Amino acid sequence: MEQISITFPDGSKRQFARGSTGLQIAESISKGLAREALAVEVDGEVWDLSRSINADAAIRLLKWADDGGKYAFWHSSAHLMAEAVESLYPGTKFGIGPPIENGFYYDIDMGDHSLTAEDLVRIEERMRTLAARDVPYVRAVKTWDEAVGYFRKKDDPYKLELLDGLKGETITFYQQGEFTDLCYGPHIPSTGRIKAIKLLNVAGAYWRGSEKNKMLQRIYGVTFPNQKELDEHLFRLEEARRRDHRKLGQELEIFLITPAVGGGLPLWMPKGTVVRESLIDFLRDEQKKRGYEFVTTPHIANLNLYRTSGHYPYYKDSQFPPIEMPEGEKFLLKPMNCPHHHQIYLAKPRSYRDLPVRLAEFGTVYRYEQSGEMNGLIRVRGFTQDDAHIYCTHEQLKREITSTVELTQLVFLTFGMDVRIRLSYRDDKNVEKYGGDVAFWVQAQREIKEVADEMKLDYFVGIGEASFYGPKIDFMVRDALGRTWQLGTVQVDYVMPERFQLEYTASDGKKHRPVIIHRAPFGSLERFIGILIEHFAGEFPLWLAPVHAVILPVTDAAKDYASAVARDYRAAGLRVEVDDRNEKIGYKIREWETKKVPFMLVVGEKELASGTVAVRQHKKGDLGAVTKEAFRDRLLDLIRTKALTA
RNA sequence: GCUGGCGUAGCUCAGCUGGUAGAGCAGCUGACUUGUAAUCAGCAGGUCGACGGUUCGAUUCCGCCCGCCAGCUCCA
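Residues numbered from 1 in each chain as written. Chains lettered and ligands numbered in written order. Predicted model: local features only at pLDDT ≥ 70, side-chain atom pairs only at ≥ 80, totals over all residues. Heavy atoms only, no water.

Asker: Any chance you could break down the overall build of chain A for me, citing the residues and the numbers?
Answerer: Assigned secondary structure in chain A consists of 20 helices and 35 strands. Projecting the C-alpha coordinates of chain A onto the three principal axes gives extents of approximately 85 × 75 × 60 Å. Within chain A, the proportion of its 646 residues that are buried is 51%. Within chain A, counting contacts between residues at least 6 apart in sequence, those at least 24 apart form 68% of the total. (Helix = DSSP H or I, 4+ residues; strand = E, 2+ residues; numbered from the N terminus. Buried < 20%, exposed > 50% of the residue type's maximum accessible area, 1.4 Å probe, protein only. Contact = heavy atoms within 4.5 Å.)

What follows is the structure, given as structure tokens:
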């Protein structure tokens, strides 16, 4: 029999009969591997284990631990769910059902029927029954006509629409049990691999993601090869909900959003304001060290300012409507700070000797987000940017980008947050979305990429993610529920200098255009704090904690001592409270634990006599007594160094 | 904005098929003077999201609106 050469990930090669399948190869290595393998990567493409390999290839057997294995597993689970839905609700039309980061979904059209929680339970139970049959997923190559014929007969308009876009391509069907789907695969060997199933929720989703199309029902689910992993996954989801900044923000009295003021317009309570101002102080100091000058600008501006910048026609729909005066003059609640800053740049002639000019402001802006978009502090209608605009010469540009990226990295490092970096480019297929000359774009995109490469940033590229005036380096963070959000941003702008006719006099005595860098390390203070609350689960590092320590006198006899310690600590700049309520010490401790205050200082007769405090750390318990001065200095030290853990 | 779900005291929640509401915690008052995650007793607290309708009677049924949640779309 003819042989082919298979190369394994470790570089070793072995001969197999032509037409061997991934499963056969796995079996030849070990039974255990064959049992665990879900799919096989053949020359970089993921295949079914049952597919014949007919030529020399480099392969990698994919198991649950591999992303490719998980994706095949969840993709197959989506098909299993579709089979369950079809058997329970005949006539259901199917859209698409892909694997996603944490599970899978299927978009379905059930006509008038809205799925309920009870329906999900039924579908889930049916899936278990269907999985237990342990039937194979069978791949079949079809002609386009055969495929169309099948779905015409089945009367599934969505699949027919998908087929319209697949003329001339290889069309494959996958069938398991009673269900056949148009699908490029790959799939796992059989339904029996799916041991643990949970359907999570159902939500609306437009067909093909377009608002103009019909809204289908999307069922989200997740499956695992064993119950233990499902339980762990559900536990993590629960943990994420526990960290939800909206819940913690209320419990810890950080912020308030009330319909009395308006959706998306958070009010900062005293404790939240401490967090907010600590962040502002931190960044203001870092910026002063780096040559930024602070400015302050008003919250509204003449509408014409935004006509000049180009924001007004571009983003009319996401702005609050203009304020029109009786005399006809119109003002806009500012959606961004840059035009104001440009006016300050323009206020006097600039020489190359003055550049870079770095103008910074914690500036509050207002954007009319769609009502369904608001989300706690993370997506709001009024928010404060840690904004700055750097006006520099072209020669200075890369160095300034580098230093702003470094500042942003310092910020995230300070909080121990993992960020992903995205180079946000424009989408060349959708050019009307962007302003300015194409040549500027090409240049700006090249420059940010050069900086990213020189700094050895680990980045990915996002096409179509640029702002309308320039490409960006964006810093993205994941929230407690796994959604990713843009926080910090560094943007290169050649458009606004033209629009505002910004100039400087160069050494040649001629006028030149500066380049602008827009940058905001936090992005929005609101969003940043929302993410911070979830990141720390409400347990802020000491320097951000609204209350550093609470002093708990055991009895009235220690009250005066507690007050004296508090006075001394406050004089040193610490945020301390005294809880001298007439309650047992255990009661007070429990209460302050729930408030996540980092330290409790228990003081009774012993401490009074010895000038000490008995330190109890949040979640760690009793640490024993130390002198009140020693502990005060320790707190000051933790704050000064912005320690993440005490 | 769209689809679906939800809306009962400050918070967490109970209230079967319609007969004008209840618990725990928090709050207040009093007693207890307390040593590392809940001392005891009493009191007070709600136009059951809003407005219409059906009904002898609506927290409960219907409609509309508002708000919240999930997802979609959007995000300078």
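Asker: How would you sum up a nonpolar patch on the surface? Please name residues and give values.
Answerer: Residues Leu256, Val261 and Leu267 make up a contiguous nonpolar surface patch of roughly 210 Å² in combined accessible area. Its location among the elements puts Val261 in the loop between β16 (255–256) and β17 (267–268). When its relative accessible area of 42% is taken as the criterion, Val261 is described as partly exposed. (Patch = residues over 30% accessible without salt bridge, like charges linked within 9 Å, V, L, I, M, F, W, Y side chains within 5 Å. Areas by Shrake-Rupley, 256 points an atom, 1.4 Å probe, with all protein chains shown as cover. Salt bridge = Lys/Arg side-chain N within 4 Å of Asp/Glu carboxyl O.)

Asker: How would you explain the pairing of strand β22 (residues 357–366) if you had to name every residue and give the values?
Answerer: Residues in a regular strand project their side chains so that they alternate between the two faces of the sheet. Along β22, 10 of the 10 residues are buried, which leaves the element largely enclosed by surrounding structure. Residue alternation in β22 divides its side chains into two sets, Val357, Leu359, Glu361, Gly363 and Val365 and Arg358, Ala360, Phe362, Thr364 and Tyr366, and both sets are buried. Pairing analysis gives 2 bridges linking strand β18 (residues 293–294) to β22, with the strands arranged parallel. In the strand pairing of β22, Phe294 is matched with Ala360. Relative to strand β23 (residues 382–392), β22 runs antiparallel, the two sharing 10 bridges. By the bridge assignment for β23, Arg358 is matched with Ile390. (Pairing = 2+ DSSP bridges.)

Asker: Describe the protein's contact with RNA strand B, listing the residues and the values that go with them.
Answerer: Surveying the vicinity of RNA strand B reveals 48 residues, the closest of which are Ser318, Ser371, Glu373, Asn582 and Arg590. Taking the atoms of RNA strand B that fall within 4 Å of the protein, sugar and phosphate contribute 45% of them. A distance of 2.7 Å separates a base nitrogen of RNA strand B from a polar side-chain atom of Tyr206. Elements with a contribution of two residues or more to the surface near RNA strand B: β14 (196–206), β15 (215–224), α8 (245–251), α18 (585–594), α19 (605–610) and β34 (612–617). The dominant element in the surface near RNA strand B, judged by the number of residues it contributes, is α18, at 6 residues. (Near = heavy atom within 4 Å. Polar contact = N/O pair within 3.5 Å; in protein donor to acceptor, adjacent residues only side chain to side chain.)

Asker: Hey, could you go over the nonpolar core for me, with residue numbers and the actual values?
Answerer: Core analysis: the biggest nonpolar cluster contains 56 residues, and Leu279, Ile401, Phe415, Ile473, Phe522 and Phe528 have the highest contact counts within it. Of all the elements, helix α13 (residues 397–415) adds the most residues to this core, at 7 residues. If you look at the next biggest cluster of nonpolar residues, it comprises 37 residues, including Ala39, Leu115, Ile123 and Ile219. (Core = buried A, V, L, I, M, F, W, Y, C linked by side-chain atoms within 4.5 Å.)

Asker: Describe the packing of aromatic side chains, listing the residues and the values that go with them.
Answerer: Tallying each qualifying case throughout the model produces 29 aromatic pairs. For the pair Trp64 and Phe73, a centre-to-centre distance of 4.9 Å together with 75° between the ring planes defines the contact as edge-to-face. Exposure class is identical for Trp64 and Phe73. Each is buried. On the basis of an interplanar angle of 15° and a centroid distance of 6.0 Å, the ring pair of Phe294 and Phe362 is categorised as stacked. Remark: Phe362 occurs in strand β22 and Phe294 occurs in strand β18; sequence separation between them is 68 residues. Phe294 gets classed as partly exposed once you look at its relative accessible area, which sits at 30%. Among the aromatic residues, ring-to-ring pairing joins Phe282, Phe412, Phe415, Phe475, Phe522, Phe528 and Trp543 into one connected group. Over the ring of Phe460 we find Arg420; its NZ or CZ atom is 4.6 Å from the centre of that ring. (Phe/Tyr/Trp six-rings, centres within 6.5 Å; stacked < 30°, edge-to-face > 60°. Lys NZ or Arg CZ within 6 Å of the ring centre and 35° of its normal.)

Asker: An account of the packing of helix α9 (residues 270–289) against α13 is requested, with residue identities and associated values reported.
Answerer: Packed helices, taken two at a time, are described by their axes: the angle between them and the distance between them. Across the interface, α9 lies against α13 with an axial gap of 11 Å and an inter-helix angle of 145°. The handedness of the crossing between α9 and α13 comes out as right-handed. Contact with α9, carried on its side by Leu279, Phe282, Leu283, Glu286 and Gln287, involves Leu407, Leu410, Val411, Thr414 and Phe415 of α13 and no other residues of that element. Class assignment for the residues of the contact of α9 with α13 results in 7 nonpolar, 2 polar and 1 charged. (Axes fitted to C-alpha atoms, helices over the stretch in contact; angles between N-to-C directions. Left-handed = near helix turned anticlockwise from the far one by under 90°. Nonpolar A, V, L, I, M, F, W, Y, C, P; charged D, E, K, R; others polar.)

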